Amino acid sequence: LRLIQFALINLADVAIEEHRLDDAERYLREAREVWIRRKVPQSQGLLMNEAQLARGRGHLDESMRKLDELAAGGAADTMWGVDYVRGLNAESAGRPDQAEVWYRAATDVVERLRAESAPAASMAEFVEDRWFPFERLFALQIERGDVRAALDTLLRAQGRMFLDALARSAVPASSVEKPEQGIDLLERIDRLVPVLASSPLTEGRD
């Protein structure tokens, strides 16, 4: 039954991306019925997709309620997505200031999770897989004409992705046998981040 629920949620996820909202609603209704009838633990993906569906329908208050429910019991890795969709909802409601607050919160979660993740394998492409809040934050800052902040956001994300890719390629296979060597290398590489943050690229031009 858990597999059935998982499959239905995945089908709903694809339907939402393709804007087939009626199909998504049907899949999510069936997934919720599995949860109610069989007492299968409620999936975080179910709540997230229900929030996304409500957003797609234009029911922003309902979407926010679902996100609040998800945030109350969700894992740490869920929160970046929660804050990202909160930001999308705020933008749709014509509240760019609040949207920026949510996007910043989402990027902060991504960076914290990245710093806490295991070296090499799970850190590689960590930010790339969670790029969306950086992208929306960058777009908002460009719309405001705050080029310096936008470049800082871009450098944060692109710099992290570059360092993760570099770290993955730089850690030798032998570090699996001597993990302390790989960890030390990643820590030394990661110390380059402040250099990226203070790059001349963030300086304004006359």
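Before reading further, recall that the structure is shown in the block above.
Draft legend 1. How the structure looks around the pattern of salt bridges. Per the counting criterion, the structure on display carries 16 salt bridges. R57 is the salt-bridge partner of D22, the closest N and O atoms lying 2.9 Å from each other. In this pair, D22 is assigned in helix α2 (residues 21-38) and R57 in helix α3 (residues 44-57), connecting sequence segments 35 residues apart. The partly exposed category is assigned to R57, whose relative accessible area is 33%. What you see here is one network of salt bridges that share partners, running through E18, R20, D23 and R26.

Draft legend 2. Just the side chain of R156, in detail. Within the element layout of this structure, R156 appears in helix α8 (residues 147-170). The buried category is assigned to R156, whose relative accessible area is 18%.

Draft legend 3. Local environment of the layout of surface pockets. Volume-wise, the largest pocket comes out at about 760 Å³. What lines the largest pocket is a set of 23 residues, among which D13, E17, M48, N49 and Q52 lie closest to the centre. Looking at the lining of the largest pocket, the elements with two or more residues in it are α1 (2-17), α3 and α5 (76-92). The greatest single-element share of the lining of the largest pocket, amounting to seven residues, is contributed by α3. Tallied by class, residues from the lining of the largest pocket come to nine nonpolar, nine polar and five charged.

Draft legend 4. Inspection of the packing of helix α6 (residues 96-116) against helix α7 (residues 132-144) at higher detail. Running from N to C, α6 and α7 cross one another at 145°; their axes reach a closest spacing of 9 Å. Crossing angle aside, the handedness with which α6 passes α7 is left-handed. Of the residues in α7, those in contact with P96, D97, A99, E100, Y103, R104, A106, T107, V110 and E111 of α6 are P133, F134, R136, L137, L140, Q141 and R144. Among the residues forming the contact of α6 with α7, the class breakdown is nine nonpolar, two polar and six charged.

Reading the values: rules and limits
- Residues numbered from 1 in each chain as written.
- Predicted model: local features only at pLDDT ≥ 70, side-chain atom pairs only at ≥ 80, totals over all residues.
- Heavy atoms only, no water.
- Salt bridge = Lys/Arg side-chain N within 4 Å of Asp/Glu carboxyl O.
- Helix = DSSP H or I, 4+ residues; strand = E, 2+ residues; numbered from the N terminus.
- Buried < 20%, exposed > 50% of the residue type's maximum accessible area, 1.4 Å probe, protein only.
- 1 Å grid on protein atoms, 1.4 Å probe; cavity = no way out; pocket = protein on both sides within 12 Å on 5 of 7 lines; lining within 4 Å.
- Points joined across faces, edges and corners; volume = space filled by probe spheres on them.
- Nonpolar A, V, L, I, M, F, W, Y, C, P; charged D, E, K, R; others polar.
- Axes fitted to C-alpha atoms, helices over the stretch in contact; angles between N-to-C directions.
- Left-handed = near helix turned anticlockwise from the far one by under 90°.
- Contact = heavy atoms within 4.5 Å.

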